[in-house]
Amino acid sequence: MADVQQHLSSALRQLRQANGWSLTLAAERTGVSKAMLGQIERGESSPTVATLWKIATGFNVPFSFFINGRVVPAGDVAGFSQPNAEMSVQPLLPYDPQLRFDLLAVELAAGAQSHSSPHEAGCIEQVVVIEGELLLGVGDLWRRLQCGEAFQFSADVAHSYRNPLNTPLRFHSLIHYLHRPGVTN
Ligand code: MN
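The model shown is predicted, which means the values in this text are computed figures rather than measured ones.

Asker: Quick one: what's the story with the coordination of the manganese ion, residue by residue and with numbers?
Answerer: Protein-derived coordination of the manganese ion comes from His119 (NE2), Glu125 (OE), His159 (NE2) and Tyr161 (OH), at a distance range of 2.2 to 2.4 Å. Between consecutive donor residues of the manganese ion, the sequence gaps follow H-x5-E-x33-H-x1-Y. Within this pair, whereas His119 is found in the loop between strand E4 (113–116) and strand E5 (124–131), its partner Tyr161 is found in strand E9 (residues 159–162), the two being separated by 42 residues in sequence. Like His119, the residue Tyr161 is buried in the burial classification.

Asker: Account for the environment of Glu133, with residues named and values stated.
Answerer: In this fold, Glu133 is placed in the loop between E5 and strand E6 (134–138). Of the residues examined, Glu133 reaches a relative accessible area of 15% and is grouped as buried. Sequence separation between Glu133 and Cys147 is 14 residues; the distance between their C-alpha atoms is 5.8 Å. Those residues in contact with Glu133 that sit more than four places away from it in its chain are Arg144, Leu145, Gln146, Arg162, Asn163, Pro164, Leu165 and Leu169. There is a polar contact of 2.5 Å between the side chain of Glu133 and the side chain of Arg144.

The rules behind each value
- Residues numbered from 1 in each chain as written.
- Predicted model: local features only at pLDDT ≥ 70, side-chain atom pairs only at ≥ 80, totals over all residues.
- Heavy atoms only, no water.
- Donors = N, O, S within 2.8 Å, 3.2 Å for Na, K, Ca; no water.
- Helix = DSSP H or I, 4+ residues; strand = E, 2+ residues; numbered from the N terminus.
- Buried < 20%, exposed > 50% of the residue type's maximum accessible area, 1.4 Å probe, protein only.
- Contact = heavy atoms within 4.5 Å.
- Polar contact = N/O pair within 3.5 Å; in protein donor to acceptor, adjacent residues only side chain to side chain.

Encoded structure:
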């Protein structure tokens, strides 16, 4: 089992136990099926970035919780790639429980698209395109962001990321968990 997958598996199991949630309850809270959650816990499945976001939101933990673990020495952050490698996410900083933000470097393959379920209530996301172009869909509105451009939006609604070009897309995503309790990670 890959390192990240192994960490993901034990992080999810520990989180579910700490909350005292059955698989059934965890499935209800996250919108991810019981079967899928069980497979992740057993290390039998690598979820997509979108699925991992649903789990993080349902458990009210930052996205980086599943990648970083609880204590991350600087410079030792691991990335997460979904199985088809169309999207990868790497935290650039460990989650900061006082400032309550994640800083993620995201890569989307040529022509790839990823739909994100709403993040937790009050969540604000800021994206900055580093390479290529980003088509960002929030609600019914699509916005095309060129390299070097930034955009801020309320991320507690469904949103989509699309790479319209034949070249890789890289952007940074700054996620502000404004309504999270101060210290949980
Ligand atoms: Mn998002």
